[in-house]
Amino acid sequence: MKRVFVYGGIAVGAVVALIIVAVIFVFSSLDGIVQTAVEKFGTEIVGAKVSLADVEISATSGKGILRGLKVGNPEPFKTDSAFSLGEVSVTIDPATITSGTIVIKEIVVSLPEIIYELGSGGSNIDAIQKNVENYLGSSDESGSTQEATATADDDGEGTKLIIENLIIRGGKIKVSATLLKGKTLDASLPDIHLKDIGKDEGGASPGDIIESRVSYSLS
């Protein structure tokens, strides 16, 4: 199976899933508590503290900017954070916000920093991605949640997404391990541009995007 979000050999499906969830909250919140919603629900979704420095939204134009989105680490990892995103700009087709399939015309992630920490039980990225998958009901060891999700999708329930352009640029990765005691080895990441995520399927659920069960084009 082809994985969609593999960035310099490190899966970043959890980052994209968090961005997508944040986008949904940003453009569906009309009560002025977007930042609080992103931090509260983001923390619940990834199982680690999520903070957001600033948000600018124009619901009528479908454009928004999220600055300083930071995802901490679940226990027992020691590095300061798992992800930090300098700026995320999003453009959504406003006509689709209240529809069953939201069309995200563009997501541009600038200056992301990924800290990949390897512990005895796996990596922090794996732990966060598993938390996101479990929250969205896309994976379950018994298969029951996955089957329920598939049934819901067949019935047309749940919000689906089409991402026309996903651009990640200026990224860095820091690699750490238990023996490094919080210290990191740093490297730059190549820019990436994915197109038409979920388009062939007529829209994909966040769970499908995380599990890479969608098609895309790579520029």
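Residues numbered from 1 in each chain as written. Predicted model: local features only at pLDDT ≥ 70, side-chain atom pairs only at ≥ 80, totals over all residues. Heavy atoms only, no water.

Draft legend 1. Highlighting the pairing of strand 7 (residues 101-119). Note that strand 6 (residues 83-92) and strand 7 share nine bridges and pair antiparallel. Note that in strand 7 the partner of valine 88 across the bridge is valine 109. Bridge count between strand 7 and strand 10 (residues 172-177): six bridges; the pairing is parallel. Opposite leucine 118, over in strand 10, you have alanine 177 as the bridge partner. (Pairing = 2+ DSSP bridges. Helix = DSSP H or I, 4+ residues; strand = E, 2+ residues; numbered from the N terminus.)

Draft legend 2. Fine view of the nonpolar core. One finds Val46, Ile104 and Ile107 to be the most contacted residues of the largest nonpolar core, which totals 38 residues. Elements represented by at least two residues in this core include exactly helix 2 (34-46), strand 5 (63-71), strand 6, strand 7, helix 3 (124-135), strand 9 (160-169) and strand 12 (192-197). (Core = buried A, V, L, I, M, F, W, Y, C linked by side-chain atoms within 4.5 Å. Buried < 20%, exposed > 50% of the residue type's maximum accessible area, 1.4 Å probe, protein only.)

Draft legend 3. Fine view of the pattern of salt bridges. Going through the model one piece at a time under the given rule, you end up with six salt bridges. Its salt-bridge partner being lysine 105, residue glutamate 164 comes within 3.4 Å of it at the nearest N-O pair. Remark: lysine 105 occurs in strand 7 and glutamate 164 occurs in strand 9; sequence separation between them is 59 residues. Classification of glutamate 164 by relative accessible area gives partly exposed; the value is 26%. On the basis of relative accessibility, which here comes to 36%, the residue lysine 105 falls in the partly exposed class. (Salt bridge = Lys/Arg side-chain N within 4 Å of Asp/Glu carboxyl O.)

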